[in-house]
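# Summary of the model geometry
One letter stands for each residue in the lines below.
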Amino acid sequence: MCDLAPTAHLDNSKSLNGATQPDADGFFGSGDSQYGGAFLPPPLVPVMKEIDIEYNKIKHDPEFLSELIELRKRFVGRPSPIYECKNLSDKIGGARIYLKREDLNHTGSHKINHCLGEALLAKRMGKKKLIAETGAGQHGVALATVASLFQMECEIHMGELDIKKEWPNVRRMQVLGATVVPATEGGKSLKEAVDSAFMAYMSDTESMFFAIGSTVGPHPFPSMVRDFQAIVGYEAKQQFKELTGGLPDMCLACVGGGCNSLGLFSAFLDDDTVKLVGVEPAGRGLDKGEGHHSATLTLGKPAVLHGMKCYTLLNENGDPAAVHSCASGLDYPGVGPQHSWMKDMGRVKYETATDDEVISVFFELSRMEGIIPALESAHGLAYAMKIAKEMPTDAKLLVNMSGRGDKDLDYVCDKYGNKFGIGKDGMFAGAPKND
Ligand SMILES: *Cc1c(COP(=O)(O)O)cnc(C)c1O
């Protein structure tokens, strides 16, 4: 299964009628509809250039590719299966819903796909240390995991508030041997963690590699991370043909920075019959205004953020807006430049799902199929379930199950447990405390 030519899934620059995207400077699209690039302080310009050159060398190098393919198989557990949700689809009564099970990867999400690629590249470049920011800690855990695998140092910057909220992931990173550095400035969350990690990186770009956690930031990261994630779509396309004899009518995935969605979509961009839908967090409701959602492509405007031009949610002062989603992997005021371009082109449609819809889907998938989804992934599924109802029974939807929901259990049960019958027997009192 999935005996792809070794380079096939690392060369995604040609798609959409043969257009080469991005261009040599990292821009997607042209004219008014141009996104990406590398907006950097001067000392970082040669640093990113070097990463670009080295990445372009290794992406066709048989030795690099065979090491990557071997680790995907033996360390990550690829290929991840495709699964038809029979109970759920029968209940809905419209289109059949299939999941690409990235939640079954080692460390529980798609993030290991690009962490593995970035760490292998860093090792090739002679770097000693992997550095990154993390929000909820998922990227931090995946990176700490590959750092251990390759015996590299790992330093993860995380907002002080996020450290309190997501302590099990902090423990995981520490057990794996990483150093977690609290970001104590300002809002003490993701944005401050990015700033803090960036400062530390600037002090020694010679020995460190900044492993960005999605298809965002300066060139070459948006296209490089996409290439490392493209294995998801290439596997899925073959598996879907084997299972059903054809292609899905629609592929859906949640969009935060945009890497799990681009990973799935990349293989289908030139298949005109396959509709592509990215699902953004509507949080407490799009009409509730700033700080209550994180629907960047739906309500944002083009601006420069974190080294790239992309759709961005801005406040009235023109600064990045406050954002909210029940899924902390999706609450980012920017989005990848390739998504920004594909929105303008109309190749991908962007829809939204609210926190309430997502929470009920979290329980529904758990109780109908025995799969606890990450709250991020439940956004894609929530929209799929809504649209499936209106589609014929021979239509097929493929949703990227980007991660598993174990990390969300405390949050969901504390906040919504009562509504879903948890704690009725008086047994639910949170985790037992040791003294
Ligand atoms: C981080 C994360 C996301 C969001 O990131 P993308 O770059 O948009 O894929 C989605 N799902 C899970 C499980 C995550 O951990």
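Our subject is the structure listed above.
Residues numbered from 1 in each chain as written. Predicted model: local features only at pLDDT ≥ 70, side-chain atom pairs only at ≥ 80, totals over all residues. Heavy atoms only, no water.

## A short note on the overall build of the chain
What counts here: Segments assigned H or I by DSSP are reported as helices when at least four residues long, segments assigned E as strands when at least two residues long, and all are numbered from the N terminus. Atoms counted for the radius of gyration: C-alpha only. Globule rule: 2.2 Å times the number of residues to the power 0.38. Exposed residues in this analysis have more than 50% of their type's maximum accessible area, buried residues have under 20%, and partly exposed residues fall in between, with area computed by a 1.4 Å probe over protein chains only. The contact rule is simple, with two residues in contact once any of their heavy atoms fall within 4.5 Å. Positive charges come from Lys and Arg, negative ones from Asp and Glu, while His and the chain ends are left out of the count. By convention, the charge on Lys lies at NZ, on Arg at CZ, on Asp at CG and on Glu at CD.
From N to C terminus, the chain includes 16 helices and 14 strands. Whereas a compact globule of 435 residues would reach a radius of gyration of roughly 22 Å, the chain reaches 20 Å, a difference of no more than 12%. Expressed as lengths along the three principal axes of its C-alpha atoms, the size of the chain is roughly 60 × 55 × 50 Å. Looking at the chain as a whole, 58% of its 435 residues are labelled buried. Nonlocal contacts in the chain, meaning residues at least 24 apart in sequence, comprise 73% of its contacts between residues at least 6 apart. Counting 46 positive and 57 negative side-chain charges, the chain places the averaged centre of each group 3 Å from the other.

## Brief notes about the pairing of strand S9 (residues 250-254)
Stated formally: The crossover handedness rule: strands pointing away from the viewer, path from first strand over the helix to second strand clockwise, crossover right-handed. In this description, strands pair whenever DSSP reports at least two bridges between them.
Buried residues dominate S9, accounting for 5 of its 5 residues. The alternating pattern of S9 places Met 250, Leu 252 and Cys 254 on one face and Cys 251 and Ala 253 on the opposite face, and all of these are buried. Chirality of the crossover, the property in question, places the unit of S9, helix H11 (residues 259-265) and strand S10 (residues 275-283) among those that are right-handed. Alignment of S9 against strand S14 (residues 396-401), held across 3 bridges, turns out to be parallel. Counted as the bridge partner of Cys 251 is Leu 398 from S14.

## Some details on the site of the ligand
Where we set the bar: We call a residue near a given molecule or strand whenever any one of its heavy atoms falls within 4 Å of it. Polar contact is defined as a pair of N or O atoms within 3.5 Å, subject to the rule that within protein one atom must be able to donate a hydrogen and the other to accept it, and that residues adjacent in sequence are counted only when both atoms are side-chain atoms. Surface accessibility in these figures is a Shrake-Rupley result with a 1.4 Å probe; residues are shielded only by whichever protein chains are displayed. Each residue gets one label: Ala, Val, Leu, Ile, Met, Phe, Trp, Tyr, Cys and Pro are nonpolar, Asp, Glu, Lys and Arg are charged, and the others, such as Gly, are polar.
Contacts to the ligand come from 17 residues, most closely from Lys 111, Ser 214, Gly 256, Asn 260 and Ser 402. A distance of 2.8 Å separates an oxygen atom of the ligand from a polar atom in the side chain of Asn 260. One nitrogen or oxygen atom from the side chain of Ser 402 is found 2.8 Å from a nitrogen atom belonging to the ligand. Protein chains shield 96% of the accessible area of the ligand, which is 380 Å² for the free molecule. Within the shell around the ligand, the residues separate by chemical class into 5 nonpolar, 10 polar and 2 charged.

## Some remarks on unusual backbone geometry
Here Arg 78 and Pro 79 are connected by a cis peptide whose omega angle stands at -5 degrees. The topology assignment puts Pro 79 in the loop between helix H2 (62-76) and strand S3 (82-84). The omega torsion of the bond from His 219 to Pro 220 falls at 10 degrees, within 30 degrees of zero and hence cis. Inspection of the secondary structure puts Pro 220 in the loop between strand S8 (208-210) and helix H9 (221-229). In this model, Thr 107 sits at a positive phi of 75 degrees, which is unusual for a non-glycine residue. Residue placement: Thr 107 occurs in the loop between strand S4 (96-101) and helix H4 (111-124). Even without being glycine, Gln 151 reaches a positive phi, approximately 55 degrees.

## Quick word on the nonpolar core
Worth spelling out the cut-off: We call a set of buried residues a nonpolar core when its members are Ala, Val, Leu, Ile, Met, Phe, Trp, Tyr or Cys and they connect through side-chain atoms within 4.5 Å of each other. For the domains described, the bounds stem from an automatic or database domain assignment.
Counting 57 residues, the largest nonpolar core has Ile 51, Leu 130, Leu 143, Val 146, Tyr 201 and Phe 209 as its most contacted members. The element contributing the most residues to this core is H4, with 7 residues. Both domains that meet at this core, namely domain 1 (37-75 + 110-225) and domain 2 (77-107 + 230-416), each give it at least three residues. Filtering out sequence-adjacent residues up to four positions away, Leu 143 remains in contact with Cys 115, Leu 130, Ile 131, Ala 132, Cys 154, Ile 156 and Ala 211.

## Considerations on the sheet that holds S3
Just so we agree on the cut-off: Lines are fitted to the C-alpha atoms to define the axes, a helix being fitted only along its stretch in contact, and any angle between axes, read from their N-to-C directions, falls within 0 to 180 degrees.
An order of S3-S4-S14-S9-S10-S13 is seen for the 6 strands of this open sheet, with the pairing classed as mixed. Every interior strand has two partners, whereas the edge strands, S3 and strand S13 (348-354), have only one. Adjacent strand axes in the sheet meet at a mean angle of 30 degrees, parallel and antiparallel pairs treated alike. Docked against the sheet, helix H15 (residues 375-388) engages S4, S9, S10, S13 and S14, running at close to 145 degrees with respect to S9.

## Notes on H2
Condition: Every helix has an expected span of 1.5 Å times one less than the residues it contains. Along the arc lie the directions from the helix axis toward the C-beta atoms.
Across its 15 residues, H2 extends 20 Å between first and last C-alpha, which sits within 8% of the 21 Å expected from 1.5 Å per residue. Within the span of H2, buried status applies to Phe 64, Leu 65, Leu 68, Leu 71, Arg 72 and Val 76. One side of H2 carries all its buried residues, which in axial view fall inside an arc of 130 degrees. In this structure, H2 carries Pro 62, Glu 63 and Arg 74 as exposed residues pointing more than 90 degrees from its buried face. A positive phi of about 95 degrees marks Gly 77, the residue just after H2.

## Some details on the side chain of Lys 100
Within the secondary structure, Lys 100 sits in strand S4. Given the relative accessible area of 0%, Lys 100 is considered buried. Among the polar contacts made by the side chain of Lys 100, one reaches the main-chain carbonyl oxygen of Ser 80 at a distance of 2.7 Å. Ignoring sequence-local partners within four residues, the contact set of Lys 100 consists of Arg 78, Ser 80, Pro 81, Ile 82, Val 232, Glu 235, Ala 236, Gln 239, Leu 398, Val 399, Asn 400 and Met 401.

Honestly, that's just the spatial picture; any functional story needs more than this.
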